[in-house]
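# Overview (structure and organization)
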Amino acid sequence: MVPFGGWDMPVQYTGVKAEHDAVRRAAGVFDVSHMGEFRVTGPGALAFLQHVTTNDVSKLRPGRAQYNWLPGTQGGLVDDIYIYMVREGEYLMVVNASNVSKDWAHLQAHTAGFDVQLTDESERWALLAVQGPQSETLLQPHTSTDLSSKKKNAYFPATLFGFDVWLARTGYTGEDGFEVFTDASEAETIWDKLLAIGITPAGLGARDTLRLEAGFPLYGHEFSDSIHPLSSTYSWVVKDKTHVGREHISLAPPQKLIGLKLDRVPVREGYPVKVGGEVVGHITSGTSSPTLGHPIAMALVQAAHASTDTFEVEVRGKDHPATRMDLPFYKSS
Amino acid sequence: MTNTPTELKYAASHEWLAADGTVGITDFAQDQLGDVVYVELPEVGRVVEAGETIAVVESVKTASDIYAPASGTIIAVNEDLSGSPELVNSAPYEGGWLFKLDVTGEGDLMDAAAYASANN
């Protein structure tokens, strides 16, 4: 167990590789109850969300979810988030655990002029992420909802093992799957039932290797209050609209996020990335890819080097060759 | 339940030392580290002091320093680990050994019982 965002979190249950493989081949479940949930309600909820996010929330329909960003007022991101639309004038926002208080303060500071109410429901909800190609098949016998009719980013009330829950066809592993929003008091029972039907418990370690293979940026690594959000390849999250911090996002990013492949030596966050001996950036996340069998990493490099193909990464004082690799490193079939 | 052979000596930093100078990491340490994916070994001929950082074992999640449990000269390293670093997990006291020292002086080492009770 390790401390993470004020929670004690399991890094692994049986082993990172085994858990990672279970999600890629069958199904695993992550306890992501540490994520924060804010309910946004009122006649001005949509206008407020349009003001504080970069994506176009007006495109959402009841029962649908959308990946989105909370831009800061000084450039950078306050957080990257998911917004789930319940009905007209009611949304659920899921935020990163380490950012709950910061996001809450930021959102509160921008409510002026909007007829909107924010409720912090982080204590109420537990969140279990069932991920992997077998997720639908394994869950289907235990819910009355036809899961095959629910496409990616669907969000709907359902019963699961007889409990009233909300399900979302979302996740952050690069695989199909469902996130189960459950009352915190029922989470342990549901967790046990998920394991009993053959879903593998998976910890933070596998969650990180999976999202990294899928090329998903993680807040605190590829995103922060000071990293230009367009450094990543996620410019589609910024739509043509007026919002907080718009002026910063319009500027060209000084750095670009790239993927790197190494032959053998794993590289970690903070290691210098060089071209011809000169430091041009640093590693933001790195691991040995369980699926690909070699080390992979994401790095922020000077924008001028975004198309450079070969780099060196300094590991304990020694430079190791690295090759640029397009993101995502791995795409599920 | 991890294995702690009685014929070895142990450092608090989880290295074991055999009577012939062979060094590895303990079953407890490999279990804590998880899947080992890379091992960086010292150069043969290097002279080291007990307690000095001498190798690095990398698991999927993290890089961990390995310390010399004794002073001496490196006389051999386990070349098999470059192709099969997972030996550190599967055979920490046998095929997963790290390097061999010509020992000139031991560090502060424990017997198996003391090490096992310290890591219970």
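Use the structure listed above.
Residue positions are given per chain, counted from 1 along the sequence in the order it is written. Numbering of ligands from 1 and lettering of chains from A proceed in the order in which they are written. Given that this is a predicted model, residues contribute local features only at a pLDDT of at least 70 and side-chain atom pairs are listed and counted only at 80 or more, while totals for whole chains, interfaces and linings are drawn from all residues. For the side-chain quantities, the full set of heavy atoms in the structure was used; hydrogens and water were omitted.

All names here are of chain A. Axis lines are fitted to C-alpha atoms, over the contacting stretch for helices. Their N-to-C directions set the angle, which ranges from 0 to 180 degrees. In DSSP terms, a helix is any run of H or I states spanning at least four residues, a strand is any run of E spanning at least two, and both are numbered starting from the N terminus. Their axes nearest at 8 Å, the elements helix 1 (residues 16-25) and helix 6 (residues 204-213) cross at an angle of 55°. Classified by the angle between their axes, helix 1 and helix 6 sit oblique to one another. You can see that helix 1 and helix 6 cross each other, and the crossing is right-handed. Residue-level contacts link Val16, Glu19, His20, Val23 and Arg24 of helix 1 to Gly205, Ala206, Thr209, Leu210 and Glu213 of helix 6. Gly falls in the polar group here, along with every residue not listed as nonpolar (Ala, Val, Leu, Ile, Met, Phe, Trp, Tyr, Cys, Pro) or charged (Asp, Glu, Lys, Arg). In terms of residue class, the contact of helix 1 with helix 6 is made up of 4 nonpolar, 3 polar and 3 charged. Roughly parallel here means an angle under 35 degrees, roughly antiparallel means over 145, roughly perpendicular means 65 to 115, and every remaining angle is called oblique. By definition, any crossing whose near helix is turned counterclockwise from its far helix by less than a right angle is left-handed, and any crossing with a clockwise turn is right-handed. Note on contacts: a residue pair is in contact if any heavy atoms of the two residues lie within 4.5 Å.

All names here are of chain A. Its place among the elements puts leucine 70 in strand 5 (residues 65-71). Considered as a pair, leucine 70 and leucine 230 are 160 residues apart in the sequence and their alpha carbons are 13 Å apart. Sequence-distant contacts of leucine 70, defined by excluding residues within four places in its chain, comprise Val52, Thr53, Leu77, Val78, Asp79, Ile81, Met93, Asp103 and Leu107.

A word on the pairing of strand 19 (residues 318-324) of chain A. Residue and element names in this part refer to chain A. Relative to strand 19, strand 14 (residues 255-262) runs antiparallel, the two being bridged by 3 bridges. Within strand 19, the position partnered with lysine 261 by the bridge is threonine 323. A pair of strands is considered paired only if DSSP assigns at least 2 bridges between the two. In textbook terms, the turn of a hairpin is the stretch between consecutive antiparallel strands, and for strand 18 (residues 310-315) and strand 19 this stretch comprises 2 residues, one of which, arginine 316, has a positive phi near 50°.

For the rest of this paragraph, the subject is the pattern of salt bridges. All names here are of chain A. By definition, a salt bridge exists where a carboxyl oxygen of Asp or Glu is found within 4 Å of a side-chain nitrogen of Lys or Arg. As enumerated under the stated definition, the model contains 23 salt bridges over all chains in all. Of the charged contacts in the structure, one is a salt bridge between arginine 39 and glutamate 90, with a shortest N-O distance of 2.7 Å. Of this pair, arginine 39 sits in strand 4 (residues 36-41) while glutamate 90 sits in strand 7 (residues 90-95), and the two are 51 residues apart along the sequence. Here the two residues arginine 39 and glutamate 90 agree in accessibility, since each one is buried. In this structure, glutamate 136 engages arginine 169 in a salt bridge whose closest nitrogen and oxygen atoms are separated by 2.8 Å. Taken together, the residues glutamate 136 in helix 4 (residues 135-139) and arginine 169 in the loop between strand 11 (163-168) and strand 12 (177-183) connect sequence positions 33 residues apart. Classification of residues uses two cut-offs on accessible area relative to the type maximum, computed with a 1.4 Å probe and protein chains only: under 20% is buried, over 50% is exposed, and between them is partly exposed. We classify glutamate 136 as partly exposed; its relative accessible area is 23%.

All names here are of chain A. Take threonine 159: it is sitting in strand 10 (residues 155-160). You can call threonine 159 partly exposed: its relative accessible area is 27%. For the pair formed by threonine 159 and arginine 264, sequence separation is 105 residues and the distance between their alpha carbons is 46 Å. Beyond its immediate chain neighbours, meaning those up to four positions away, threonine 159 contacts His142, Thr143, Ser144 and Asp164.

Moving on to the interface of chain A and chain B. Counting from both sides, the interface comprises 16 residues of chain A and, opposite them, 15 residues of chain B. We define buried area as the total accessible area lost by two parts upon association, computed with a 1.4 Å probe and summed across both. A buried area of about 1300 Å², summed over both sides, lies between chain A and chain B, and 48% of it is on carbon and sulfur atoms. Among the residues of chain A in contact with chain B, Arg264(A), Arg268(A) and Arg316(A) are the three that bury the most area, contributing 43% of the side total. At the surface where chain A touches chain B, the tally comes to 4 salt bridges.

Okay, the pairing of strand 3 (residues 28-31) of chain A next. All names here are of chain A. Where strand 3 lies against strand 9 (residues 125-131), 4 bridges are found, and the strand directions are antiparallel. Looking at the pairing, phenylalanine 30 lines up with alanine 129 of strand 9. The sheet contact formed by strand 3 and strand 13 (residues 200-202) spans 3 bridges and is parallel. Each residue of the ladder has a partner; that of glycine 28, found in strand 13, is threonine 200.

This part takes up the sheet that holds strand 5 (residues 47-48) of chain B. Residues and elements named next belong to chain B. One open sheet holds the 7 strands; their spatial order is 5-8-9-3-2-1-10, and the pairing between them is antiparallel. Of all the strands in the sheet, the pair left with one neighbour each is strand 5 and strand 10 (109-110). Examined bridge by bridge, strand 5 and strand 8 (residues 70-77) share 2 bridges and lie antiparallel to one another. Each residue of the ladder has a partner; that of valine 47, found in strand 8, is threonine 73.

Turning to the side chain of Gln66(A), a few remarks are in order. Residue and element names in this part refer to chain A. Checked against the element boundaries, glutamine 66 lands in strand 5. Here the side chain of glutamine 66 touches aspartate 56 through a polar contact of 2.9 Å, landing on its backbone oxygen. Filtering out sequence-adjacent residues up to four positions away, glutamine 66 remains in contact with Asn55, Asp56, Val57, Leu60, Ile81, Tyr82 and Ile83. The definition of a polar contact used here is a pair of N or O atoms within 3.5 Å, where within protein one atom must be able to donate a hydrogen and the other to accept one, and adjacent residues in sequence count solely through side-chain atom pairs.

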